[in-house]
Amino acid sequence: MWTRRRLIAGIGVGLCAAAVGLYAERARRWRAASADRAGNPVRPAGVPVGPFDASSTAEEVTRGVDLSGKTMLVTGVTSGIGLETMRVLALRGAHVIGTGRTLDRARAACASARGRTTPLMLELTDYSSVVACAEAVRALSLPIDVLVCNAGVMALQTHEQVDGVEKQFATNHLGHFLLVSHLIDRVNDATQGRVVVVSSLALQWAAPAGIEWDNLSGSRDYDPNRAYGQSKLANALFSLELSRRLSGTRATSNALHPGVVDTRLFRHMPRSLGGFRGAVSPPKRTVEQGAATSCYVATAPALVGVTGHFFADCNPVIPDRRAVDREAAARLWTVSEQLLKPYLRGRANS
Ligand SMILES: NC(=O)c1ccc[n+]([C@@H]2O[C@H](COP(=O)([O-])OP(=O)(O)OC[C@H]3O[C@@H](n4cnc5c(N)ncnc54)[C@H](OP(=O)(O)O)[C@@H]3O)[C@@H](O)[C@H]2O)c1
């Protein structure tokens, strides 16, 4: 009996160690792929490198920036990075429209921020809700200076779908694609409108060839982390193609990685592994630091006209070759339009 228990315990420890090793290896590759041989981040040419880094907070990167008179929409303000992003943008004077999956939760989050906020309901997996949210924003008849696509889910352990599409891809990418499509003309109305897409360096967890076009349902060989990686790759590619479509306008679109921050995002990760946090990269970043890159890309005067780039630690980086694949970005746009056809009527920015 005793030997059997020890054997089972041994197998358990072995499995955990193997899984932690796998995550650690992924983390090592993640860091290596976005750095040169000397360990410095790979930066795109011609994009200003600013004074901020991983330790900067959202308040620090927006100090001295006056956002009064500006309207900014942030999705997913009920916790984590979105809540802090809203708080700081409102603190700097912006009118922030903050979305939550229920109006009550959005209200409570908005009430916690100092400054002018407007709560709205947005459930990204319910495309009618996305259209209704966009209509409510349009009813305000205001230019949208900044639209932060922040809300997201990670590593859903069971394979779920929305209208036949894998749920993380549907939530993180398709829901935001639809929202932006319905509001992009309002972003264009602003003096220098910005779309800010919160992606992740976990986009490197997508399949080696990139988006699995023949498996958007996720039915074949579902892997929670690969599916998350694919949804975050889609975020980056969406921003890239949007920036191309916005060329010739004043508006810009950029994507970003906020850093690894200890938020509710990790709630779906298996507890036995201690979640993603301990295994991959210690959550050295606070939520105040985690919202810095979003707030910087949303507001930095130095970034007027900077578009189609990916930021991490408040600076431009090249996160992965798959995230700068213009052909894949164009294809993703077409595929997304096809999947959302019934909801896009009349408003798509195609
Ligand atoms: N934390 C990190 O280390 C990290 C790293 C890289 C990238 N990111 C990205 O950062 C963004 C914010 O994440 P976070 O860390 O702040 O996580 P979080 O604390 O879990 O916040 C996520 C937000 O998105 C909302 N949301 C989730 N599913 C939604 C849906 N179906 N419809 C509408 N809203 C939905 C959540 O609402 P509920 O509260 O109602 O669920 C919440 O407000 C995400 O896009 C994430 O992928 C985070």
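Residues numbered from 1 in each chain as written. Predicted model: local features only at pLDDT ≥ 70, side-chain atom pairs only at ≥ 80, totals over all residues.

### Quick look at the overall build of the protein chain
Phase 1: A tally of regular secondary structure across the protein chain gives 12 helices and 10 strands.
Phase 2: A burial count over the protein chain gives 48% of its 350 residues as buried.
Phase 3: A fraction of 73% describes how many contacts in the protein chain between residues 6 or more apart in sequence connect residues 24 or more apart. (Helix = DSSP H or I, 4+ residues; strand = E, 2+ residues; numbered from the N terminus. Buried ≥ 20, exposed ≤ 12 C-beta atoms within 10 Å, placed from the backbone. Contact = placed C-beta atoms within 7 Å.)

### Considering the site of the ligand
Phase 1: Within the structure, the ligand sits among 26 residues, and Gly76, Gly80, Ala151, Gly152 and Thr263 are positioned closest to it.
Phase 2: Here the element with the most residues in the shell around the ligand is helix 3 (residues 80-91); it accounts for 3 residues.
Phase 3: Classifying every residue of the shell around the ligand by side-chain character gives 11 nonpolar, 12 polar and 3 charged. (Near = placed C-beta within 6 Å. Nonpolar A, V, L, I, M, F, W, Y, C, P; charged D, E, K, R; others polar.)

### A look at the packing of helix 6 (residues 167-189) against helix 7 (residues 224-245)
Phase 1: At a closest axis distance of 7 Å, the pairing of helix 6 and helix 7 adopts a crossing angle of 20°. Accordingly, the angle class assigned to the pair helix 6 and helix 7 is roughly parallel. The element helix 6 and its partner helix 7 pack so that their crossing is right-handed. For the pair helix 6 and helix 7, the contacting residues are Gln168, Phe169, Asn172, His173, Phe177 and Val180 in the first and Ala227, Tyr228, Gln230, Ser231, Lys232, Ala234, Asn235, Phe238 and Leu242 in the second.
Phase 2: Grouping the amino acids of the contact of helix 6 with helix 7 by side-chain chemistry returns 8 nonpolar, 6 polar and 1 charged. (Axes fitted to C-alpha atoms, helices over the stretch in contact; angles between N-to-C directions. Parallel < 35°, antiparallel > 145°, perpendicular 65-115°, else oblique. Left-handed = near helix turned anticlockwise from the far one by under 90°.)

### Quick notes on helix 4 (residues 103-111)
Phase 1: Taken residue by residue, helix 4 has Ala106, Ala109 and Cys110 as its buried positions. Buried positions in helix 4, seen along its axis, are confined to an arc of 95° and lie on one side of it. Exposed residues lying more than 90 degrees from the buried face of helix 4 are Asp104 and Ala111.
Phase 2: Looking at the buried side of helix 4, the elements it contacts are helix 3, strand 2 (95-100) and strand 3 (117-121). (Arc of directions from axis to C-beta.)

### Looking at the environment of Thr117
Phase 1: On the secondary structure map, Thr117 appears in strand 3.
Phase 2: The buried category is assigned to Thr117, around which 24 C-beta atoms lie within 10 Å.
Phase 3: Between the C-alpha atoms of Thr117 and Arg87, which are 30 residues apart in sequence, the distance is 9.1 Å.
Phase 4: Excluding residues that lie within four positions of it along the chain, Thr117 makes contacts with Met86, Ala90, Val96, Gly98 and Cys110.

### Describing the confidence of the model for the protein chain
As a general rule, the predicted coordinates of low-pLDDT regions are not to be interpreted in detail.
Phase 1: Chain-level pLDDT for the protein chain is 88 on average; 83% of the residues reach the 70-or-more range.
Phase 2: Considering only residues more than four positions removed or in separate chains, one finds that residues 8-24, a stretch of pLDDT under 50, has 9 contacts.
Phase 3: Note on residues 272-281: pLDDT under 50 across the span, and 23 contacts to partners over four residues away in sequence or across chains. (pLDDT = per-residue confidence, 0-100.)

### Overview of unusual backbone geometry
Phase 1: One non-glycine residue, Ser141, lies in the positive phi region at around 50°.
Phase 2: Its place among the elements puts Ser141 in the loop between helix 5 (127-138) and strand 4 (146-149).
Phase 3: Its 8 C-beta neighbours within 10 Å are what place Ser141 among the exposed residues.
Phase 4: Its identity as a non-glycine residue notwithstanding, Cys314 has a phi of 65°, on the positive side.
Phase 5: If you trace the backbone, Cys314 turns up in the loop between strand 9 (310-312) and strand 10 (315-317).
Phase 6: Judged by local crowding, Cys314 falls into the buried class, with 26 C-beta atoms found within 10 Å.

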